[in-house]
Amino acid sequence: MSSTSQSTNASSTHFLPRLTQHRGHADHGWLKTFHTFSFADYFDPSHESYGPLRVINEDRVMPPEGFGTHFHREFEIFSYIVSGELRHKDSMGNTEILPRGSLQMTSAGTGIAHSEYAHGSQPVHFLQIWSKPTTPRLKPTYFTRHFPDSSKLNKWVCVVAPLGAEGVDPSKRDAENGPAPVHSPLTLYATLLDIGVKLGKELKGRKGYIHLIMTSGYNTGKAQGATVKLKSESEEIMLREGDGAYLQIPINASELVVENVGDRKAELLVFDMS
């Protein structure tokens with residue numbers, strides 16, 4: 001992330017905006033994508049990772065195309081499905097169709113191969129997120145979780161959490177709720193905010209990241225669509241679809257408050273990290 005000065009209020013969360021028009025992006029016809037961090041042909045030394053986060057790609061894939069079989073190791077890789085369906089297949093024997101509301105997590109560990117394709121007749125819109133594990137050479141594992149819109153409406157739902165955290169059950173490969181386990185000091189929350197709704201979240205780590213999902217369509221210009229206001233004890237910023245912000249969190253941080261001040265529903269992800 002970019003080097004910037006610290007907040008003037010040491011007891012308040014500090015926001016560093018990551019605006020959509022400044023992110024990397026590419027239109028390959030079959031794939032339209034945005035990169036929050038350096039990825040593929042996009043490189044920015046100021047935005048390579050943040051805490052354990054290494055990748056946040058917002059992808060739109062046209063059917064029947066997708067990412068053919070390719071190899072990963074030493075990353076925790078999870079996909080958050082926004083719309084359409086994603087067809088997953090991997091070298092561990094997992095084959096699955098993932099609809100909206102699905103959260104799929106692969107701990108690549110010593111190495112896996114997988115493929116991901118748009119399934120059916122509609123494009124699939126999903127966020128591909130990678131984090132760095134705290135322990136190397138793990139045995140590869142695979143988990144899916146399903147979170148209907150009702151579970152996220154005007155409240156936070158925990159969709160990914162570290163092993164050992166409350167509610168994490170690694171014995172369940174597939175579950176209707178409860179966070180997917182991750183081998184990184186990272187907790188991921190999601191919400192769907194109605195117009196005018198204000199929602200608070202206490203973050204327990206020292207770093208955070210917030211992303212407002214671009215649900216209105218692929219847009220490489222100035223962000224449009226849903227609008228939210230972020231507030232801490234001493235700061236306030238506005239985000240629109242595709243925008244994000246780094247969060248610098250003091251030891252005794254006050255509550256992060258997100259308010260939907262736009263004219264449509266907003267879908268948000270918040271990362272809480274050590």
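Residues numbered from 1 in each chain as written. Predicted model: local features only at pLDDT ≥ 70, side-chain atom pairs only at ≥ 80, totals over all residues. Heavy atoms only, no water.

Per an unreviewed UniProt entry, the chain carries the name Pirin N-terminal domain-containing protein and comes from Amanita thiersii Skay4041.

Asks: Give me the lowdown on the overall build of the chain, citing residues and values where you can.
Replies: Check the secondary structure of the chain and you find 1 helix and 23 strands. Judged by the C-alpha coordinates and their principal axes, the chain covers about 50 × 40 × 40 Å. The buried share among the 274 residues of the chain stands at 54%. As displayed, the chain has an accessible area near 11600 Å², and 50% of this comes from carbon and sulfur atoms. If the 28 positive side-chain charges of the chain are averaged to one point and the 30 negative ones to another, these points end up 1 Å apart. (Helix = DSSP H or I, 4+ residues; strand = E, 2+ residues; numbered from the N terminus. Buried < 20%, exposed > 50% of the residue type's maximum accessible area, 1.4 Å probe, protein only. Areas by Shrake-Rupley, 256 points an atom, 1.4 Å probe, with all protein chains shown as cover. Lys, Arg positive; Asp, Glu negative; His and termini not counted. Charge placed at Lys NZ, Arg CZ, Asp CG, Glu CD.)

Asks: So what's going on with the sheet that holds strand 19 (residues 227-231)? Which residues, and what values?
Replies: Across the sheet, which stays open at both edges, the 4 strands sit in the order 17-22-19-20 with antiparallel pairing between neighbours. This sheet does not close on itself; its edge strands, each paired only once, are strand 17 (198-201) and strand 20 (236-240). Shown here is a sheet whose adjacent strand axes are inclined to one another by a mean of 20 degrees, direction ignored. Where strand 19 lies against strand 22 (residues 256-260), 4 bridges are found, and the strand directions are antiparallel. Note on strand 22: the bridge partner recorded for Lys-231 is Val-257. (Pairing = 2+ DSSP bridges. Axes fitted to C-alpha atoms, helices over the stretch in contact; angles between N-to-C directions.)

Asks: So, the nonpolar core: which residues are in play, and what are the values?
Replies: One broad trend across soluble globular proteins is that nonpolar side chains are buried collectively. Leu-53, Phe-78, Leu-103, Leu-188, Leu-269 and Phe-271 are the most contacted members of the largest nonpolar core, which totals 28 residues. Elements with a minimum of two residues in this core: strand 4 (53-61), strand 6 (76-83), strand 9 (102-107), strand 11 (124-131), strand 13 (157-162), strand 15 (180-182), strand 16 (186-193) and strand 23 (266-273). Beyond its immediate sequence surroundings of up to four residues, Phe-271 is in contact with Leu-53, Ile-56, Ile-129, Leu-186, Thr-187, Leu-188, Lys-207, Gly-208 and Tyr-209. (Core = buried A, V, L, I, M, F, W, Y, C linked by side-chain atoms within 4.5 Å. Contact = heavy atoms within 4.5 Å.)

Asks: Give me the UniProt feature "domain: Pirin N-terminal" (unreviewed entry) in the chain: which residues, what numbers.
Replies: Using the residue numbers shown here, the UniProt feature "domain: Pirin N-terminal" (unreviewed entry) corresponds to residues 22-130. What you have in residues 22-130 is 0% helix and 57% strand, and the ends, taken at the C-alpha atoms, are 20 Å apart. (UniProt positions renumbered as here; feature names shortened; annotations may be inferred.)

Asks: Outline the side chain of Ser-131, supporting the account with residue identities and numerical values.
Replies: You can see Ser-131 is positioned in strand 11. Among the polar contacts made by the side chain of Ser-131, one reaches the side chain of Ser-184 at a distance of 2.8 Å. Once residues lying within four places of it in the same chain are set aside, the contact partners of Ser-131 are Pro-52, Leu-53, Arg-54, Phe-75, Glu-76, Phe-78, Val-182, Ser-184 and Leu-186. (Polar contact = N/O pair within 3.5 Å; in protein donor to acceptor, adjacent residues only side chain to side chain.)

Asks: Describe in detail the UniProt feature "binding site: Fe cation" (unreviewed entry) in the chain, supporting the description with residues and values.
Replies: Feature annotation in UniProt places "binding site: Fe cation" (unreviewed entry) on His-70, His-72, His-114 and Glu-116, given in this structure's numbering. In sequence the annotated residues extend across 47 residues, while in space they remain close, none of their C-alpha pairs exceeding 13.1 Å. For the largest pocket, the lining residues among the annotations just cited are His-70, His-72 and Glu-116. By relative accessible area, His-72 is classed as buried at 8%. Leaving out residues up to four positions away in the same chain, His-72 has contacts with Ile-77, Ala-108, Gly-111, Ile-112, His-114 and Trp-130. (1 Å grid on protein atoms, 1.4 Å probe; cavity = no way out; pocket = protein on both sides within 12 Å on 5 of 7 lines; lining within 4 Å.)

Asks: Break down the pairing of strand 23 for me, citing the residues and quoting the values.
Replies: Where a strand is regular, its side chains alternate between the two sheet faces. The buried fraction of strand 23 amounts to 8 of the 8 residues, a majority that puts the element mostly inside the structure. Burial along strand 23 is two-sided: Ala-266, Leu-268, Val-270 and Asp-272 and Glu-267, Leu-269, Phe-271 and Met-273, pointing in opposite directions, are all buried. Here 8 bridges tie strand 16 to strand 23, and the two strands are oriented antiparallel to one another. Counted as the bridge partner of Thr-187 is Asp-272 from strand 23. Bridge count between strand 18 (residues 207-212) and strand 23: 6 bridges; the pairing is antiparallel. Within strand 23, the residue paired with Tyr-209 across the bridge is Phe-271.

Asks: Requested: an account of the sheet that holds strand 23, with residues and values cited.
Replies: With respect to topology, 7 strands assemble into an open sheet ordered 1-21-18-23-16-13-15, the strand pairing being mixed. Single-partner strands in this sheet number two, and they are strand 1 (14-18) and strand 15. Within the sheet, the average angular offset between the axes of one strand and its neighbour, ignoring direction, is 20 degrees. Sheet analysis places strand 13 next to strand 15, joined by 3 bridges and oriented parallel. Opposite Pro-162, over in strand 15, you have Val-182 as the bridge partner.

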